[in-house]
Amino acid sequence: MISEKLVALRVSSDLKLLWCGPANPESMILGLDIGGANTKAASSDGRIAESVYLPLWKDASLGGVLSRYAGLGPESVGVVITGELADCYFSKLEGVKSISAQVEKSFQCPVHFWGFAGFDPQDPLELAAANWSATAAFLAGDVGDCLLVDMGSTTTDLIPIKGRPLAEKSDFLRLSRGELLYMGLLRTGLGALLQAARLAGERVPLSSELFSIAADAYLALEEISSKSYSCDTPDGAGKTQEAAMRRLARQVCADLEEIGEAGAMAIARQVRDRQFRRLVMGIERQARNHGLKTVAATGIGELMIAEAASFLGLECIRLSQRYGSKISDIFPAYAVARLLEMKTESFCEE
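A short tour of the structure in this document, coming up. All figures in this text were calculated on a predicted structure; none of them were measured in a lab.

## Let's talk about the nonpolar core
Grouped together as the largest cluster of nonpolar side chains are 51 residues, with contacts concentrated most on Val149, Ile224, Ile267, Leu279, Ile283, Val295 and Ile305. At the level of secondary structure, the elements contributing two or more residues to this core comprise β9 (146-151), β13 (196-199), α5 (214-220), α6 (241-250), α7 (256-290), β15 (294-298) and α8 (302-311). The leading source of residues in this core is α7, at twelve residues. Excluding its chain neighbours within four sequence positions, the residues that come into contact with isoleucine 283 are Leu147, Val149, Leu158, Val295, Ile305, Ala308, Leu312 and Leu314. If you look at the next biggest cluster of nonpolar residues, it comprises 30 residues, including Ile29, Trp132, Leu139 and Tyr334.

This is the structure:
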């Protein structure tokens, strides 16, 4: 039996104490993934797994959401940050410092921030956009060599893992190497995906205005529900199939009555086809460059990832089938909770 003892841990330059004694069945380690658009939370035991739409650039109340999670009484919290790129911050450094300060203010228990090299780095910029690193570090031990592909609402990560994660450390470098695709299942503007659509035999350029987003295409195609449309609509209108088709029509400067439902659905199908092709090309590039034959698919776009892997003849491990769909949708939060759990156990065994 582990003897009871106190282990001193340094957390963000403050000395805090972690109790290592007999296991408390009611204790909980919480993981948080704080992004620019969504804040996600998961407990290491998987009982908590949720995402809250929280657009930081609109001055959303991050402190209020964090206080609610603090009220759950976690024994410790692991945190990954991606919201530093929100344009409410002058720089990524300012974003990291602002978000981490709000987290530390909200929780009384030990808080551990994950950077691309592990917990509690000395350089705050190591925390910037490091959520993929937590997932990759966890899967390196739990799955092994694979190409991690995580498609969320805004972006898609493609992280090669061969013994350890091999991706670059910053969004800028990952973007340049094809390890980050700036497209997601929901929030991507259609003008960023298609230059033109084929409608009634004509090639019609798309407006560059933010009239519609990828979520409208998938809602029109009935591939997501209105509940799954977990972000703002571009026009502030509803999340019905008809409202989505009206936004799709507006992208080619038309009313729905001008191009008809058939025209709106044609745009939706072409958006999906374009995203699928981009995803296939991204996966094929990374799998070929690193000699990988297995894809680990996660995020709200997991199904499209699995389809792309199958198209390429690659084995696909869907994390929803291993951990459950709710956890797969918010995997970095779960991964950082599990990594913190393993870190805590290793301290208590010393």
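## Re the environment of phenylalanine 113
Tracing the sequence through the fold places phenylalanine 113 in strand β7 (residues 111-115). For the pair phenylalanine 113 and valine 79, spaced 34 residues apart in sequence, the C-alpha separation works out to 4.8 Å.

## Looking at the packing of aromatic side chains
Under the counting rule described, the total for this entry stands at eight aromatic pairs. Taking 6.1 Å as the distance between ring centres and 45° as the angle between the ring planes, the aromatic pair formed by phenylalanine 138 and phenylalanine 331 counts as tilted. Residue phenylalanine 138 is found in helix α3 (residues 131-142), and its partner phenylalanine 331 is found in helix α11 (residues 331-349); the two are separated by 193 residues along the sequence. In this structure phenylalanine 138 comes out as buried when scored by relative accessible area, which is 4%. With a relative accessible area of 0%, phenylalanine 331 lands in the buried category. By the ring-pair criterion, three or more aromatic residues cluster together here, those being Phe138, Tyr323, Phe331 and Tyr334. Over the ring of tyrosine 69 we find arginine 68; its NZ or CZ atom is 4.7 Å from the centre of that ring.

## Focus on the packing of α6 against α7
Where α6 meets α7, the axes come as close as 8 Å, and the angle between the chain directions of the two elements is 95°. By the angle between their directions, the pair α6 and α7 is classed as roughly perpendicular. In contact with Glu242, Met245, Arg246, Leu248 and Ala249 of α6, α7 contributes Leu256, Glu257, Ile259, Glu261, Ala264, Met265, Ile267 and Ala268.

## A few points about helix α1 (residues 62-70)
Where α1 is concerned, the buried positions are Leu62, Val65, Leu66 and Tyr69. Buried residues of α1 fall within an arc of 100° about the axis and therefore sit on the same side.

## Quick notes on a nonpolar patch on the surface
Residues Leu85, Leu175 and Tyr182 make up a contiguous nonpolar surface patch of roughly 300 Å² in combined accessible area. Note that tyrosine 182 resides in the loop between β12 (180-181) and β13. A residue is classified by how much of its surface remains accessible, and tyrosine 182, at 45% relative accessible area, is partly exposed.

## Overview of the sheet that holds strand β6 (residues 76-81)
Backbone hydrogen bonds hold the strands of a sheet together, and the pairing may be parallel or antiparallel. Strand order in this open sheet of six strands is β5-β4-β3-β6-β7-β8, and the pairing throughout is mixed. Two strands lie at the open edges of the sheet, namely β5 (49-53) and β8 (118-119), each paired on one side alone. Bridge analysis of strand β4 (residues 38-43) against β5 gives five bridges, and the strand direction is antiparallel. Within β5, the position partnered with asparagine 38 by the bridge is tyrosine 53.

## Quick word on the pairing of strand β14 (residues 202-205)
With four bridges joining them, β13 and β14 adopt antiparallel strand pairing. In the sheet register, alanine 197 faces β14, and the bridge partner there is valine 204. Count of turn residues in the β13/β14 antiparallel hairpin: two residues, of which alanine 200 carries a positive phi of about 50°.

## With respect to unusual backbone geometry
Phi at aspartate 59 takes a positive value of approximately 60°, unusual for a residue other than glycine. With respect to the helices and strands, the residue aspartate 59 is situated in the loop between β5 and α1. Aspartate 59 gets classed as exposed once you look at its relative accessible area, which sits at 70%. For alanine 129, which is not glycine, the phi dihedral falls at a positive 50°. Along the chain, alanine 129 turns up in the loop between β8 and α3. In this structure alanine 129 comes out as buried when scored by relative accessible area, which is 6%.

Basis of the calculations
Residues numbered from 1 in each chain as written. Predicted model: local features only at pLDDT ≥ 70, side-chain atom pairs only at ≥ 80, totals over all residues. Heavy atoms only, no water. Core = buried A, V, L, I, M, F, W, Y, C linked by side-chain atoms within 4.5 Å. Buried < 20%, exposed > 50% of the residue type's maximum accessible area, 1.4 Å probe, protein only. Helix = DSSP H or I, 4+ residues; strand = E, 2+ residues; numbered from the N terminus. Contact = heavy atoms within 4.5 Å. Phe/Tyr/Trp six-rings, centres within 6.5 Å; stacked < 30°, edge-to-face > 60°. Lys NZ or Arg CZ within 6 Å of the ring centre and 35° of its normal. Axes fitted to C-alpha atoms, helices over the stretch in contact; angles between N-to-C directions. Parallel < 35°, antiparallel > 145°, perpendicular 65-115°, else oblique. Arc of directions from axis to C-beta. Patch = residues over 30% accessible without salt bridge, like charges linked within 9 Å, V, L, I, M, F, W, Y side chains within 5 Å. Areas by Shrake-Rupley, 256 points an atom, 1.4 Å probe, with all protein chains shown as cover. Salt bridge = Lys/Arg side-chain N within 4 Å of Asp/Glu carboxyl O. Pairing = 2+ DSSP bridges.

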